[in-house]
Amino acid sequence: MSKEFQYCEVILPLPLRGTFTYAIQNEFRLQIQPGSRVIVSFGKKKIYTGIVLSTHSNSPTEYQPKELLDVLDDQPIVNDQQLKFFQWMARYYMCSLGEVSNAALPAALKLSSETFVGLNPEIDPDEASASDREWELLRSLKTNDLTMKDVGEVLGLKQPQRVLKQLSEKGFIDLFEKVKDKYQPKKVKRVRISPAFMEEGMLEGLLNELENTPKQQDVLLAYLRDVPVLDDPVANEKGILKSQLVAQDISPSSLKTLIKNEIFEEWEETVSRLGNIHPSIPGSVALSQEQQLAKKEILASFESHHTTLLHGITGSGKTEIFIELIKEQIEAGKQVLYLLPEIALTTQIIARLHKIFGDSFGVYHSRYSDNERVEVWQKVLKKEYQFVVGVRSAVFLPFSELGLIIVDEEHEPSYKQFEPAPRYHARDSAIYLATIHKANVLLGTATPALETYQNALDEKYGLVELTSRYGEAYHPKMEFANVARERKQRKLKGNFTSVLVDAIQESLDKKEQVILFQNRRGYASYITCDNCGTIPKCPNCAVSLTYHQYNNKLVCHYCGYNQSMYADCLHCGSQELRNVGYGTEELEEEIKLLFPQAIVQRMDLDTTRSKYGYQRIIEEFEEGNIDILVGTQMVSKGLDFDRVNLVGIFDTDRMIHFPDFRSHERAYHLITQVSGRAGRKSKNGKVIVQTNDPDQELLQRARNDNYRAFYQWEINERERFHYPPFTRIINITFKHREKHISFQAANFFAADIRKNLGDQRMVGPVEPLIGKIRNMYLHEITLKIEKQGINLPRVKEYLLSVEQMMKQMPAFKSASVVFDVDPI
């Protein structure tokens, strides 16, 4: 960097709009670059890690900028393409650059400051007038500065703030911030024979010398068994993992003595948490004639459309086509991003990809530790990974030569980020990211989002279709079980119809597997008292508590509040408590009672919280160690199991009639996708849908599996009521601890919108279905912006200016405003 650049614009990881100007000292001017991390002070005491957006020589006129505290990187960790992507995301999704960078960077790359307590250098603890407790802390501070946690341990207090306040007022201590680095490279200890003993004849003499200390001799012999230094003296340079040597039933203390006596050497080596990358020749995939034709059509489509939709029915073999396209990109020296909606799906896909690509690709998702994610980031930055499989956050990785982005199951709501900002959609963001890199995007699904299919029909995207299942697989047959009729005939067994029970028994008799789908976890939707009608509610949110039997707790699925289940009604004391509704937990219990000989496993958020929770369940099911898998929508997403010939779908009517304009689309997607898990190989599969009304139109369309007909039916409704894809939607949510302030803020905003955008584009303000979450009362405004004839960026700028104006009013200063662009 040339010396005329005296200032830099820094992105801070805060929900504050814009960047912040800092002065660059002479010592940093040759080192600092856009994309580098810097340490800066902000406010009176806080210290943050920021990202340099740009450098310049324009001095701020309104204030004297602070100087940088440090520059952390010799080379930028965020590249120019990413900085451009971050700025687009902040503009499009109406959030701050800081919120985008905070979401993008792995936590371990963000240094943070921590409050430390230090002794005033002018104070002698032995002469200080202090209580016993204060004196004890001052004595500890004489040798080291302490964190707040350390202070609590010294004083034996969980909340030491009162003592610290008293000492601070007396001038005995100083409180200050220190920066701590969260990323710690993984280090292992290795040992080897000291080079002096590798001279000719020395080893033999050493063995003889150690005869008087047999345990030390055992250590040396164990080492020689694993490291063939007699045949290959160079092997000693690499040595052996200390843990590997100790595991051979030798004496650790004897090894320690050998190291102390300089017979062995010990050193630390930094290693990757991800394993070493071994270049491998990709394996081959045999494509069917239809798959080969589809691949050819995709490549031809990329000539005229940078984004192409691969619409293939479930089981049509889309993944095999993806693999062939990935191989071609890698051979051309390009990078590939393969996006998946769920961690559950990555588990099975990764196993398939390992067979083709070995360990030459990266995996990026939230179940990886912070340090593991940093190492994936670094390997992408250094181009050691040409190919990464990941969930939505993988769009932020530092690709520099991206050639192809694959968005599998592109219709999935999981691609949308809800909390916190940026509330981005990974599919739409990936399409913009591809334009920056001049790359192509392939969207794959059996049930496209209506917006995606409309774009394909309008020829904004290319369209390639696969209409038959891969190999000898048959399309599953769908049947409806009439719950209302069986309830009248008293045939129901808990939540199971006799039709489904008989089908499950038939599958078990044939040694085949069953998947049961209920898109609600927990045991019961809620508990009610039959005597007084009381329903336990969350004290922080306007929702009932869900009963979880496995830990006997009532839980709020919005804020996490929980309390133990009680035997008597807290309102009237009655014991007449009843479960209402049901979730995966209750289905699991019922199926175990109905089929005690079957091995049953549940797969939902509660059973897959651990890092390898998904993997363990999926592997067990693949290997045939589980007969019946009960799950939420995790089981619907692209999983491929050979032995599954029956899928049961519960609570269909609730999905179809949920009060949301996308409820029909979501229900169709879920029913079609989960149905696709049955009959994946050469066996006939069966799907049984439990419903109170088998004749409803959506179910009949799902049975016919004619997506084009469903699209045409649903798109007419969307056009009639001005919903996407004919309009763009922006939801504006107002939050405050006082309900009337939230309501007044929403009405203030609405009045300005009516004046400037007209009443016809706005719905609300209204209290949403759940009007209170985490002790904050909510009100919403929905804007429907037509796609033609209006400048959407200008509309967004206007809305942000109204927010700024509202925040300047004392009555609304503490109200929160949340913008959600393209909500789903």
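Structure: see above.
Keep in mind that this is a model prediction, so the values were computed, not measured.

## A short note on the overall build of the chain
- Helices and strands together make up the secondary structure of the chain, namely 26 helices and 34 strands.
- On C-alpha atoms alone, the chain measures out to a radius of gyration of 31 Å, which is about the 28 Å that the 2.2 N^0.38 rule sets for 824 residues.
- Structurally, the chain occupies a C-alpha span of about 85 × 75 × 70 Å along its principal axes.
- Going through the 824 residues of the chain one by one, you find that 52% of them count as buried.

## Focus on the pairing of strand S20 (residues 513-517)
- Across the five residues that make up S20, a large majority, five, are buried.
- Covered by surrounding structure in S20 are Gln513, Ile515 and Phe517 together with Val514 and Leu516, the residues of both alternating faces.
- Alignment of S20 against strand S28 (residues 644-649), held across five bridges, turns out to be parallel. Bridge pairing in S28 places phenylalanine 517 opposite isoleucine 649.

## Describing the nonpolar core
- If you look at the biggest cluster of nonpolar residues, it comprises 145 residues, and the most contacted ones within it are Tyr338, Val395, Ile405, Ile732, Phe749, Ile753 and Leu799.
- Not counting residues up to four positions away in its chain, the partners in contact with phenylalanine 749 are Ile732, Phe734, Ile781, Leu799, Val802, Glu803, Met806, Val817 and Phe819.

## Side note on the packing of aromatic side chains
- This model, assessed by the stated rule, comprises 26 aromatic pairs.
- Judged by centre distance (4.1 Å) and plane angle (5°), the ring pair of tyrosine 668 and phenylalanine 710 falls under stacked. Taken as a pair, tyrosine 668 in helix H22 (residues 663-675) and phenylalanine 710 in helix H24 (residues 707-720) lie far apart in primary sequence, 42 residues in all. Across this residue pair, the class does not change: tyrosine 668 and phenylalanine 710 are buried.
- Feature note: the residues Phe85, Phe86, Trp88, Tyr92, Tyr93, Phe396, Tyr424 and Tyr432 constitute an aromatic cluster, connected by ring pairs.
- Its guanidinium or amino end placed over the ring of tryptophan 267, arginine 192 lies 4.1 Å from that ring's centre, counting from NZ or CZ.
- The ring of tyrosine 723 is capped by lysine 784, whose NZ or CZ atom sits 3.8 Å from the centre of that ring.

## What to know about the side chain of serine 574
- Tracing the sequence through the fold places serine 574 in the loop between strand S24 (562-564) and strand S25 (577-580).
- Since its relative accessible area comes to 10%, serine 574 is described here as buried.
- Excluding residues that lie within four positions of it along the chain, serine 574 makes contacts with Cys529, Asn531, Ala567, Asp568 and Cys569.

## Re the packing of helix H1 (residues 80-92) against helix H2 (residues 97-104)
- Axis separation between H1 and H2 bottoms out at 9 Å; the angle between their running directions is 125°. With respect to their mutual orientation, H1 and H2 come out oblique. The handedness of the crossing between H1 and H2 comes out as right-handed. Counting all contacts with H1, which are made through Phe86, Gln87, Met89 and Ala90, the residues of H2 involved are Leu97, Val100, Ser101 and Ala104.
- Looking at side-chain class alone, the contact of H1 with H2 contains six nonpolar, two polar and no charged residues.

## Points about the sheet that holds strand S19 (residues 477-482)
- Spatial ordering of the open sheet is given by S19-S29-S28-S20-S27-S26, a layout of six strands whose pairing is parallel. With one partner strand each, in any of the chains shown, S19 and strand S26 (600-603) form the two edges of the open sheet. Between one strand axis and the next, the sheet turns by 20° as a mean value, whatever way the strands run.
- Looking at chain direction, S28 and strand S29 (residues 686-691) are connected through four bridges and run parallel. Pairing of valine 647 across the sheet is with valine 687, part of S29.
- Across the face of the sheet, H22 comes into contact with S19, S20, S28 and S29 while running at roughly 155° to S28.

## Observations concerning empty space enclosed by the protein
- Per the stated rule, a full pass over the model turns up one cavity of 30 Å³ or more.
- The computed volume of the largest cavity comes to approximately 60 Å³.
- Lining the largest cavity are Ile11, Leu12, Pro13, Arg37, Thr49, Gly50, Ile51, Ser101, Asn102, Leu105 and Lys110.
- Put simply, the parts of the chain that give the lining of the largest cavity at least two residues each are strand S4 (46-56) and H2.
- Element by element, the count of residues in the lining of the largest cavity is highest for S4, at three residues.
- Considering only residue class, the lining of the largest cavity consists of five nonpolar, four polar and two charged.

## Focus: the pattern of salt bridges
- Enumeration over the complete set of coordinates arrives at 33 salt bridges.
- Residue glutamate 451 is joined to arginine 662 by a salt bridge in which the shortest nitrogen-to-oxygen separation is 2.9 Å. With a gap of 211 residues between them, glutamate 451 in helix H16 (residues 450-457) and arginine 662 in the loop between helix H21 (652-656) and H22 connect regions that are remote in the sequence. Grouping residues by exposure puts glutamate 451 and arginine 662 together as buried.
- Across the salt bridge formed by arginine 754 and aspartate 759, the nearest N and O atoms sit 3.1 Å from each other.
- Its relative accessible area of 37% is what places arginine 754 among the partly exposed residues.
- Taking the relative accessible area as the measure of exposure, aspartate 759 reaches 47% and is therefore partly exposed.

Parameters at a glance
Residues numbered from 1 in each chain as written. Predicted model: local features only at pLDDT ≥ 70, side-chain atom pairs only at ≥ 80, totals over all residues. Heavy atoms only, no water. Helix = DSSP H or I, 4+ residues; strand = E, 2+ residues; numbered from the N terminus. Rg over C-alpha atoms; globule rule 2.2 N^0.38 Å. Buried < 20%, exposed > 50% of the residue type's maximum accessible area, 1.4 Å probe, protein only. Pairing = 2+ DSSP bridges. Core = buried A, V, L, I, M, F, W, Y, C linked by side-chain atoms within 4.5 Å. Contact = heavy atoms within 4.5 Å. Phe/Tyr/Trp six-rings, centres within 6.5 Å; stacked < 30°, edge-to-face > 60°. Lys NZ or Arg CZ within 6 Å of the ring centre and 35° of its normal. Axes fitted to C-alpha atoms, helices over the stretch in contact; angles between N-to-C directions. Parallel < 35°, antiparallel > 145°, perpendicular 65-115°, else oblique. Left-handed = near helix turned anticlockwise from the far one by under 90°. Nonpolar A, V, L, I, M, F, W, Y, C, P; charged D, E, K, R; others polar. 1 Å grid on protein atoms, 1.4 Å probe; cavity = no way out; pocket = protein on both sides within 12 Å on 5 of 7 lines; lining within 4 Å. Points joined across faces, edges and corners; volume = space filled by probe spheres on them. Salt bridge = Lys/Arg side-chain N within 4 Å of Asp/Glu carboxyl O.

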